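For reference, the chains in residue letters:
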Amino acid sequence: MYVNDAFGTAHRSHASTEGLAHMLPAVAGLLMEKEIDSLGTVLSAPVRPLAALLGGSKVSDKILILENMLDKLDHLFIGGGMSVTFLHALGNPTGASSVETERMDFAREVLTRAGKANIQVHLPHDLVVADRFEEDAPQVKTVSADAVPDGWFIMDVGKTTAQEFSQDLAGCKTIIWNGPMGVFEMPRFSHGTRLVANSIAGLTGVTTVVGGGSTAEAVEELGLMDHMTHVSTGGGASLEFMEGKELPAIAALPDQ
């Protein structure tokens, strides 16, 4: 018998993840079952209001998630590097931070679609910026989202934004979180992620699902794993699952 309990590689069509499932009696392991149930439920039958909290470095990484989930959401929170492109698309200065210019039309489309569907979009109101993209940057300060200085880098959401995100998330019943709010790997710029993570972990009666990869690493580092409903073990796999894609290793298993 073949038991697949490796959700983190379920998006890969390999001999060890898909091939054996066609050659032996195959079943999903307990972890695989939990991942499918947890992620599947929040996508197909979430308790509302439903919120997606998205961060990380690129809009490109989350395009398919937004296309698959946007119409299902009540709230969309955008932080991290993703917010840079959205803020730039709205005409805000973004200093020396990387802007995905080829994704600006998509960002505007998301905002337009959300407005028509009465989905509340939450973007940063204040930002932590530095004169260098370094942990020990000589100058660091908090500025309004419309006042990023030329040549400076956006490193984190500001304290006011993190508090506002936390307050609004507290009114939701299901939260899907994928992507940190800033350059979390640099402790000096991890405060936004820490504040939001601790707030989410302290909620009661709320289903909280954390995507894998850097988001799971942040939650683990903060010691909050046991305070979330589900922390996915898959980075790419959880992304593709939330994008609505068929994961080959799961598709190869019998439905029952």
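Note that the structure is a prediction, hence the values are computed from the model and not measured. (Residues numbered from 1 in each chain as written. Predicted model: local features only at pLDDT ≥ 70, side-chain atom pairs only at ≥ 80, totals over all residues. Heavy atoms only, no water.)

I would appreciate a short explanation of the environment of leucine 111 in the present structure.
Following the sequence through the fold, leucine 111 ends up in helix α5 (residues 104–116). Discounting chain neighbours no more than four positions away, the residues touching leucine 111 are Phe86, Leu90 and Val121. (Helix = DSSP H or I, 4+ residues; strand = E, 2+ residues; numbered from the N terminus. Contact = heavy atoms within 4.5 Å.)

How should the pattern of salt bridges be read in this particular structure?
A side chain of one charge can pair with a side chain of the opposite charge if their charged atoms are brought near each other. Taken as a whole and judged by the stated rule, the model has 5 salt bridges. Residues aspartate 74 and arginine 48 are paired through a salt bridge, measuring 2.9 Å at the closest nitrogen-oxygen approach. Of the two residues, aspartate 74 sits in the loop between α3 (63–69) and β4 (75–78) while arginine 48 sits in the loop between α2 (30–44) and β3 (50–54), which places them 26 residues apart along the sequence. Arginine 113 is the salt-bridge partner of aspartate 71, the closest N and O atoms lying 3.2 Å from each other. Pair noted here: aspartate 71 is in the loop between α3 and β4 and arginine 113 is in helix α5, with a separation of 42 residues, a long-range link. Judged by its relative accessible area of 56%, aspartate 71 falls in the exposed class. Residue classification places arginine 113 among the partly exposed positions, given a relative accessible area of 24%. (Salt bridge = Lys/Arg side-chain N within 4 Å of Asp/Glu carboxyl O. Buried < 20%, exposed > 50% of the residue type's maximum accessible area, 1.4 Å probe, protein only.)

Looking at this structure, how should I read the sheet that holds strand β5 (residues 120–122)?
Either a parallel or an antiparallel arrangement is found when strands of a sheet pair, and the pairing is made through backbone hydrogen bonds. Strand order across the open sheet formed by 6 strands is β5-β4-β3-β9-β10-β11, with parallel pairing between neighbours. Both outer strands of the open sheet, β5 and β11 (230–231), are each paired with one neighbouring strand and no more. Relative to strand β9 (residues 174–178), helix α7 (residues 191–201) is tilted by about 150 degrees, and along the sheet it contacts β3, β9 and β10 (207–210). (Pairing = 2+ DSSP bridges. Axes fitted to C-alpha atoms, helices over the stretch in contact; angles between N-to-C directions.)

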